[in-house]
Amino acid sequence: MEQYLSNYLAKTPGSARLYQRALKVMPGGISHNPRFFEPYPLYIKAAAGSKIQDVDGNEYIDLWMGHYAHILGYQPEFIVEALKNGITKGTHWGIVNELHVEFAEDICRIVPGAEQMRFGVSGTEATMYAIRLARAYTGRPVIIKVRGGWHGASTDLLFAVRAPMDVAESAGLPPDMPDYTKTISFNDFSQAIDEIKRQGTKLAAVIIEAVGQYFIPPEPGFLEAIQEETRKAGALFILDEVITGFRLGLTGAQGRFGLRADLVTMGKVLGGGMPLGIVAGRKDIMDLANPSSGRSKGQGVVIGGGTFSGLIAAMITGRTMLHFLEINQDEIYPALEDKGRRVRAGVEKAFRSRNIPVKCFGIGSLFNTCFPKSDDDVLKNIEDVDLKTDIDARDRRFRISLLNHGVYTKYGGGAVSFAHSDEDIERLLAAVDRVAEEWPT
Ligand code: PLP
């Protein structure tokens, strides 16, 4: 057995035991696939600020941060206080109230193009509803997504997520789903534009993230070109800001890249640590969800988060978070940019200085490492990374070795939070340096 694996086994016996118990009651020992990794996932018992603690008492600098939700670190004190004070009135009412209205007003004031919005409880729902709205608004059946794009686990979007591309990501989906879900390649102008043109009058919407799961930045003009071509086709441009919303800046990727989506989906950071997702956008589209519009049955669109939509606890944490980000934006976002830049540069330096080809992608606080054959390899999208780089080295050796040195990553990277101190970044880069030192050449 490789040394890094035996070190992990020696360090995490408690996780190994919990995994065996978990396997009996949950398929794969987990309840969300991205949380699994070989030989068994780390089971944790505590999280605070920038750190997590596993069941064996080992501490790690965390970079996954609640699936990128915790932009200020785990449970910032002011959020905990707001929740403690607010929760005595109720966790969940399930009846409309002023908190809903106030938070929705804030979101519509801050998010570009958000004339109206609806609360749900996850990003998965948000993207599912956005697509439903687009189909209803345009009266067209086809949607286009990016190859390698993850927008949650709804039926239409569980397609072409990772290599091999252009296959469904799950069994149990309607066999004709690929007839209605088409794909484009990120950063491939001509393929993407040709496909949008090809779908033409059948196209309801293009749904796209500004940076994608491996945080590969868009080439200049790419997102703008997709937005323009989508509009020319008479379809809706849906920007999935579930990761980027309130992270790339207060106005998200729309603000950063000068985009104006017809519909935008958000989650993660938005909830301030509680489950929350929204779909927001143009009033004439969102109004399809208005039950008092007098539309006949089947003409309106059913959207909303169900029983827990507008959960009081999430209204409190989300609104408190949004206010904090708004008030402190001039301090928070430049600091996140700087931390992300230092991490990306440090990771590349650790490997390049040892002549090991590496690429650390990212934007703002987001970063992602991969190991190509050569530093000259062109990697412009997730397909390139999946096909041309050593995924096993990233997801096994790099990940487990970093765990051995006290750092938790996902896809070779993650999201630095405002709670990550300079000392955390130094410790993280020292850990990366040791992993690079141990790397087989
Ligand atoms: N959209 C994007 C871009 C995401 O990254 C995710 C989750 O990782 C989703 C949608 C789904 O969000 P959730 O996990 O809250 O359902």
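Residues numbered from 1 in each chain as written. Predicted model: local features only at pLDDT ≥ 70, side-chain atom pairs only at ≥ 80, totals over all residues. Heavy atoms only, no water.

J.: How would you sum up the overall build of the protein chain? Please name residues and give values.
T.: Summing up its helical and strand segments, the protein chain has 16 helices and 14 strands in all. Here the C-alpha atoms of the protein chain give a radius of gyration of 22 Å, agreeing with the 22 Å that 2.2 N^0.38 yields for 441 residues. Referenced to the eigenvectors of the C-alpha coordinate spread, the extents of the protein chain come out at roughly 65 × 55 × 50 Å. Looking at the protein chain alone, contacts between residues at least 24 apart form 69% of all its contacts between residues at least 6 apart. Carbon and sulfur atoms provide 52% of the accessible area of the protein chain, an area that totals close to 18,400 Å². (Helix = DSSP H or I, 4+ residues; strand = E, 2+ residues; numbered from the N terminus. Rg over C-alpha atoms; globule rule 2.2 N^0.38 Å. Contact = heavy atoms within 4.5 Å. Areas by Shrake-Rupley, 256 points an atom, 1.4 Å probe, with all protein chains shown as cover.)

J.: Which residues make up the nonpolar core, and what values go with them?
T.: Inside soluble globular proteins, nonpolar side chains tend to come together where they are buried. Ranked by internal contacts, the top residues of the largest apolar core, which has 60 residues, are Leu203, Ile208, Ile226, Leu366 and Tyr408. Excluding anything up to four places from it in sequence, Tyr408 contacts Phe37, Leu42, Ile52, Tyr60, Ile61, Asp62, Leu63, Trp64, Arg399 and Leu403. Val111, Phe246, Leu276 and Leu336 belong to the second largest nonpolar core, which has 31 residues in total. (Core = buried A, V, L, I, M, F, W, Y, C linked by side-chain atoms within 4.5 Å. Buried < 20%, exposed > 50% of the residue type's maximum accessible area, 1.4 Å probe, protein only.)

J.: I'd like to hear about the site of the ligand, residue by residue, with values.
T.: Near the ligand, the surroundings consist of Ser122, Gly123, Thr124, Trp150, His151, Gly152, Glu209, Gln213, Asp240, Val242, Ile243 and Lys268. Taking Gly123, its main chain carries an N or O atom lying 2.9 Å from an oxygen atom of the ligand. The separation between a nitrogen atom of the ligand and a polar side-chain atom of Asp240 is 2.6 Å. Isolated, the ligand exposes 380 Å² of accessible area, and the fraction of that covered by the protein chains is 85%. Along the lines of polarity and charge, the residues of the shell around the ligand split into three nonpolar, six polar and three charged. (Near = heavy atom within 4 Å. Polar contact = N/O pair within 3.5 Å; in protein donor to acceptor, adjacent residues only side chain to side chain. Nonpolar A, V, L, I, M, F, W, Y, C, P; charged D, E, K, R; others polar.)

J.: Can you explain the pairing of strand β5 (residues 142-146)? Please cite residues and give values.
T.: The buried count for β5 comes to five of five residues, which makes it a mostly enclosed element. Side chains Val142, Ile144 and Val146 of β5 all project onto a buried face; the interleaved residues Ile143 and Lys145 project onto the opposite face, where all are buried too. In this structure, β5 lies alongside strand β7 (residues 203-208), joined through four bridges in parallel fashion. In the strand pairing of β7, Ile144 is matched with Val206. Pairing of β5 with strand β6 (residues 181-184) involves four bridges; the strand directions are parallel. Of the residues in β6, the one forming a bridge with Val146 is Ile184. (Pairing = 2+ DSSP bridges.)

J.: Any chance you could break down the sheet that holds strand β3 (residues 59-62) for me, citing the residues and the numbers?
T.: An order of β1-β2-β3-β13 is seen for the four strands of this open sheet, with the pairing classed as mixed. Only two strands of the sheet have a single neighbouring strand rather than two, namely β1 (44-48) and β13 (407-408). As paired strands, β1 and strand β2 (residues 51-54) are joined by four bridges and run antiparallel to one another. Within β2, the position partnered with Ile44 by the bridge is Asp54. Contacting β2, β3 and β13, helix α16 (residues 422-438) runs over the sheet at an angle of about 100° to β3. (Axes fitted to C-alpha atoms, helices over the stretch in contact; angles between N-to-C directions.)

J.: Could you give an account of a nonpolar patch on the surface, with specific residues and numbers?
T.: On the surface, Trp93, Ile95 and Val96 cluster together into a nonpolar patch covering about 360 Å² of accessible area. Looking at the element boundaries, Val96 is found in the loop between α4 (77-87) and α5 (98-110). (Patch = residues over 30% accessible without salt bridge, like charges linked within 9 Å, V, L, I, M, F, W, Y side chains within 5 Å. Salt bridge = Lys/Arg side-chain N within 4 Å of Asp/Glu carboxyl O.)

J.: Tell me what's going on with the sheet that holds strand β11 (residues 359-363), and back it up with residues and numbers.
T.: Judged by pairing direction, the sheet is antiparallel, and its three strands sit side by side in the order β11-β12-β14 without closing on themselves. Every interior strand has two partners, whereas the edge strands, β11 and β14 (413-415), have only one. Going across the sheet, the axis of each strand differs from the next one's by a mean of 10°, ignoring polarity. Pairing geometry for strand β12 (residues 366-370) and β14, over three bridges, is antiparallel. Looking across to β14, one finds that Leu366 is bridged to Ala415.

J.: Could you give an account of the packing of aromatic side chains, with specific residues and numbers?
T.: This structure, assessed with the given rule, holds 18 aromatic pairs. Residues Phe371 and Phe398 carry aromatic rings whose centres are separated by 5.4 Å and whose planes lie at 70° to one another, so their mutual orientation is edge-to-face. Within this pair, whereas Phe371 is found in the loop between β12 and α14 (382-388), its partner Phe398 is found in helix α15 (residues 391-404), the two being separated by 27 residues in sequence. Across the pair, Phe398 and Phe371 agree in class, each one buried. In this structure an aromatic cluster arises from ring pairing among Tyr8, Tyr19, Phe36, Phe37, Tyr40, Trp64 and Tyr408. The ring of Tyr411 has Lys410 lying over it, and the distance from NZ or CZ to the ring centre is 4.4 Å. (Phe/Tyr/Trp six-rings, centres within 6.5 Å; stacked < 30°, edge-to-face > 60°. Lys NZ or Arg CZ within 6 Å of the ring centre and 35° of its normal.)

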